[in-house]
Every structure is written in C-alpha cells, then in structure tokens.
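Structural description and commentary
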Amino acid sequence: SNTANREKISNLAYALFGEKIVDNKPNCPICGNNSFSFQSDNSIKCLVCSNSGKIRFENDKIFFEIQKDSSDLFLSENSAYEHKQWLIDMKRQFFEQKAFFKEIRNKFLNVGLEIYPK
C-alpha cells in the first residue's frame, strides 16, 4: 500500500468522476481550451484544436463562435503523430535557445501590470 500517494489518487479520481467544475470563462466550444490567437478583425483561432471563428460581445460578456472545420489538428492518428513530432522538435529548439530567451525575459521582468480575466 502506498499511503503517500493516497491523496493524489483521491484527487485524480474526483477530477475524473466527480462533479463537473463550472467554468464561466470564455472557452472553445469544440475542445474546451482557453488559449487563443486573436486577429484584428474579431476573428479567433483556438491554439489547441486549431478551429477558427469570431468573437461576439453581448451584455458585457465575450462569446466565441468557433466552428469545427476540416483542418482539425487531430482529425486522424497520422495528424496527431505529426503534431507530436513537431512538438518534440519545438522543445528541442527551445532548449537550444533557452539562455537567449532568459535574457529577453529578464529585460521585462517586473515591468508593467499583469491583466487577469474577471
């Protein structure tokens, strides 16, 4: 018996089978993600499933009207594998340039205000 991990296992089981967490933040209606690429013409692209749509504002709330299209990133096992290979290569490139990125980050550390969603 591994008592050290009992709480972690309990939390994981609750996350999988417990009550659904209601998230009132704007998210992708296709995959549930909350990271997007925004364009100047009110168009938006989900950074996880790569589907696109428009932003709509109504009663001081933001709505994302994203439609599933044929270029879905994980439409096939092959596209998911290709994406995995791309991620592995991006990670390798990041670690090759990590020191350079740290220099840039340090120039902007503690500058400006952080903005958080309501």
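Higher on the page you've got the structure.
Residues numbered from 1 in each chain as written. Predicted model: local features only at pLDDT ≥ 70, side-chain atom pairs only at ≥ 80, totals over all residues. Heavy atoms only, no water.

Topic: the packing of aromatic side chains
Each aromatic ring pair is specified by the distance between its two centres and by the angle formed by the two planes. Overall, the coordinates contain six aromatic pairs when judged by the stated rule. Each ring, one from F94 and one from F95, has its centre 5.3 Å from the other, and the planes form 70°; the classification is edge-to-face. On the basis of relative accessibility, which here comes to 37%, the residue F94 falls in the partly exposed class. Taken together, a centroid distance of 6.0 Å and an interplanar angle of 50° make the contact between F100 and F101 tilted. On the accessibility criterion, F100 (47% relative accessible area) is partly exposed. (Phe/Tyr/Trp six-rings, centres within 6.5 Å; stacked < 30°, edge-to-face > 60°. Buried < 20%, exposed > 50% of the residue type's maximum accessible area, 1.4 Å probe, protein only.)

A short note on helix α2 (residues 77-108)
Here α2 contains 32 residues, and its C-alpha end-to-end distance of 40 Å is more than 12% below the 46 Å for a straight helix at 1.5 Å per residue. In the structure, α2 departs most strongly from a straight axis at Q97, where the bend amounts to approximately 65°. Following α2 by one or two positions, N110 has its phi on the positive side, about 60°. (Helix = DSSP H or I, 4+ residues; strand = E, 2+ residues; numbered from the N terminus. Expected span 1.5 Å × (residues − 1). Bend = angle between axes of the 7 residues up to and from the residue.)

A closer look at the sheet that holds strand β3 (residues 52-58)
The strand order β1-β2-β3-β4 describes an open sheet built from four strands, whose pairing is antiparallel. With one partner strand each, in any of the chains shown, β1 (36-38) and β4 (61-67) form the two edges of the open sheet. For this sheet, the mean inter-axis angle between neighbouring strands, taken without regard to orientation, is 35°. (Pairing = 2+ DSSP bridges. Axes fitted to C-alpha atoms, helices over the stretch in contact; angles between N-to-C directions.)

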